[in-house]
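Overview (structure and organization)
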Amino acid sequence: MRFLRLSVLLALVIPFTARATPGQAFDPASDTWSREALEDGVKAVKAGPLASTFLGDESGMRPFTGANHAWFADGFRLASYHAVVLEPWTNGLGRYHVTGQESLRRSLADALGRLKPWRAVVVAPPPGIAAVGGDFTIYGNVHQFKNTANDVEFVIELMGVDAAGMIQFKIQDIIGSSGTTSMVVAGASALQNSNGNMLSAGMAMAMAMPTDRDQFGFYALAGEEVARRVPSSLHAADRQLGKGKGDVSHSAAMALGVDRSALVDSRAESFGPALAAQVQELLTVVQDPAAKANDRADRLRDLGKIGALAAVPIAIAIIQDDQADNGLQENAAWALGEIGHADAVPVLEGCKGVDRFNVSAAISKITEF
């Protein structure tokens, strides 16, 4: 028992060190989680393509049109394909679900369906539902994900594959709500919620509160951005390649070197040893009744950002405990929404005494985002 108390104390006072290599993407197979580790990957993709097994060889990629990095096959033409499928996305964070990925995919599907050659031929089947009859498949991967009170940001990878298994395009892009428009929206909302107090508004903008009411607006802004940037890149490449001119990054099509089924969301968690050990340390703090309520709540929030399925039954138990601290219950509801597991929905729908905004927001994240 004394050893357990010591380990809990150490977990509280010694911050986790991000083991991600500076300038590279966060790797859940070897790294521990931190916001800094994820943000470093976002910065890196601005400088050059992130090495990725999802995209295979990215040596031909370079900045192109609206995308941060893209490559197209010489013969890529939108009009060559008459039944386009956007498969459910995977992610490079080791978790089965990233908050916002489904709404992002739906936004992209709707936008691609407005491209002239692809009108009414683009479908995005729900996870677990197989699409049949497609002659072109677009696979997606969320490689990095940042979710704060100030913005939402995704590094996404897209790969278009024809019926013969040949890759016709690869895109790596930063999609998110960062920038003037989103900050104006967030600032106005924070000021409104602070009753005109500029200092309170500034604090609301600076802190990533789990009850932040701007998050859904940020998801919508990210959806608008992916709906604008990716179709623009595809349209520009199609036009330039068709005319045989332009600076579009291109070469011969390449064969898809992996089983396509491995590129579809398997809804399975795949943390490496370091991240799995970090999750267990966080869970130890959350379950320790002697730990401070604020520390337990903060660790729950970390587990939500990691997307740890092991936190689901513990967060549910906290929601159902009438004696639990209110702040701890609010963070439990927020974490359940971030993790996204369907088992939490009936518990959230039937809970009492927990902040209703947090509860309804968590249900919306699970069912819509």
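Residues numbered from 1 in each chain as written. Predicted model: local features only at pLDDT ≥ 70, side-chain atom pairs only at ≥ 80, totals over all residues. Heavy atoms only, no water.

What to know about the pairing of strand β8 (residues 166–176)
- Burial of β8 is extensive: 10 of the 11 residues sit out of reach of the surface.
- Note: strand β7 (residues 152–162) against β8, nine bridges, orientation antiparallel. Looking at the pairing, Ile 156 lines up with Asp 173 of β8.
- Counted between consecutive antiparallel strands, the loop separating β7 from β8 contains three residues, among which Gly 165 sits at a positive phi close to 80 degrees. (Buried < 20%, exposed > 50% of the residue type's maximum accessible area, 1.4 Å probe, protein only. Helix = DSSP H or I, 4+ residues; strand = E, 2+ residues; numbered from the N terminus. Pairing = 2+ DSSP bridges.)

Notes on the pairing of β7
- Burial of β7 is extensive: 11 of the 11 residues sit out of reach of the surface.
- Burial along β7 is two-sided: Val 152, Phe 154, Ile 156, Leu 158, Gly 160 and Asp 162 facing one way and Glu 153, Val 155, Glu 157, Met 159 and Val 161 facing the other are all buried.
- Remark: four residues form the turn of the hairpin made by strand β6 (residues 136–147) and β7, two consecutive strands paired antiparallel.

Description of the pattern of salt bridges
- For the coordinates displayed, the defined rule picks out 10 salt bridges.
- As a salt-bridge pair, Asp 173 and Arg 229 come within 2.6 Å of each other at their nearest N and O atoms. Of the two residues, Asp 173 is situated in strand β8 and Arg 229 in helix α6 (residues 215–243); the sequence distance between them amounts to 56 residues. For the pair formed by Asp 173 and Arg 229, the shared burial category is buried.
- Between Asp 302 and Arg 299 there is a salt bridge whose closest N-O contact spans 3.1 Å. With Asp 302 and Arg 299 both in helix α8 (residues 293–306) and three residues apart, the pair spans about one turn of that helix. A single burial state applies to Asp 302 and to Arg 299, both of which are buried.
- Within this structure, Arg 35, Glu 39, Lys 146, Asp 151 and Glu 153 form a network of salt bridges that share partners. (Salt bridge = Lys/Arg side-chain N within 4 Å of Asp/Glu carboxyl O.)

As for α8
- If you check α8, its first and last C-alpha atoms are 20 Å apart, about what 14 residues at 1.5 Å a residue would give, namely 20 Å.
- For α8, the set of buried residues is Arg 296, Ala 297, Arg 299, Leu 300, Arg 301, Asp 302, Leu 303, Gly 304 and Ile 306.
- At the C-terminal side of α8, Gly 307 shows a positive phi close to 80 degrees. (Expected span 1.5 Å × (residues − 1).)

Remarks on the environment of Val 85
- Topologically, Val 85 is positioned in strand β3 (residues 84–86).
- Val 85 gets classed as buried once you look at its relative accessible area, which sits at 5%.
- A sequence separation of 40 residues divides Val 85 from Pro 125, and the C-alpha atoms of the two residues are 7.7 Å apart.
- If sequence neighbours within four positions are ignored, Val 85 has contacts with Val 123, Pro 125, Ala 131, Gly 134, Phe 136, Thr 137 and Ile 138. (Contact = heavy atoms within 4.5 Å.)

Comments concerning the packing of helix α3 (residues 101–112) against α6
- Taken N-terminus to C-terminus, the directions of α3 and α6 make an angle of 40 degrees; their axes are 8 Å apart at the nearest point. Taken together, the axes of α3 and α6 lie oblique to each other. Of the two possible hands of crossing, α3 and α6 adopt the one that is right-handed. Each of Leu 104, Ser 107, Leu 108, Ala 111 and Leu 112 in α3 lies in contact with α6, whose residues at this interface are Ala 222, Gly 223, Val 226, Ala 227, Val 230, Pro 231 and Leu 234.
- Taken together, the residues of the contact of α3 with α6 sort by class into 10 nonpolar, two polar and no charged. (Axes fitted to C-alpha atoms, helices over the stretch in contact; angles between N-to-C directions. Parallel < 35°, antiparallel > 145°, perpendicular 65-115°, else oblique. Left-handed = near helix turned anticlockwise from the far one by under 90°. Nonpolar A, V, L, I, M, F, W, Y, C, P; charged D, E, K, R; others polar.)

Brief notes about the packing of aromatic side chains
- Applying the stated criterion across every chain, the model contains 12 aromatic pairs.
- Note on Phe 72 and Phe 76: the rings are 5.7 Å apart at their centroids and 35 degrees apart in plane angle, and the pair reads as tilted.
- Between Tyr 219 and Phe 369, the aromatic rings sit 5.0 Å apart at their centres with planes inclined by 35 degrees, giving tilted as the arrangement. One end of the pair, Tyr 219, is in helix α6; the other, Phe 369, is in the segment after α12 (356–368), with 150 residues separating them in the sequence. Taken individually, Tyr 219 and Phe 369 each receive the classification buried, so the pair is uniform in this respect.
- These aromatic residues form a ring-pair network of at least three members: Phe 64, Phe 72, Phe 76, Tyr 81, Trp 118, Phe 136 and Phe 169. (Phe/Tyr/Trp six-rings, centres within 6.5 Å; stacked < 30°, edge-to-face > 60°.)

Things to note about the confidence of the model for the protein chain
- Averaged over all residues, the pLDDT of the protein chain equals 84, while 84% of them reach at least 70.
- Scored below 50 in pLDDT, residues 1–18 makes 18 contacts in the model with residues more than four places away or belonging to other chains.
- With pLDDT under 50 throughout, residues 198–211 is counted as low confidence; its partners more than four residues away or in other chains account for 27 contacts. (pLDDT = per-residue confidence, 0-100.)

Focus: the environment of Gly 304
- Along the polypeptide, Gly 304 turns up in helix α8.
- Separated by 36 residues in the primary sequence, Gly 304 and Gly 340 place their C-alpha atoms 9.1 Å from one another.
- When near neighbours in sequence (up to four residues on either side) are disregarded, Gly 304 contacts Arg 95, Trp 334, Ala 335, Glu 338 and Ile 339.

Brief notes about the packing of α8 against helix α10 (residues 326–339)
- For the pair α8 and α10, the least separation of the axes is 8 Å and the interaxial angle reads 5 degrees. One way to sum up the angle between α8 and α10 is to call them roughly parallel. Residue-level contacts link Ala 293, Arg 296, Ala 297, Leu 300, Arg 301, Leu 303, Gly 304 and Lys 305 of α8 to Gly 327, Leu 328, Asn 331, Ala 332, Trp 334, Ala 335, Glu 338 and Ile 339 of α10.
- Residues of the contact of α8 with α10, tallied by class, amount to nine nonpolar, three polar and four charged.

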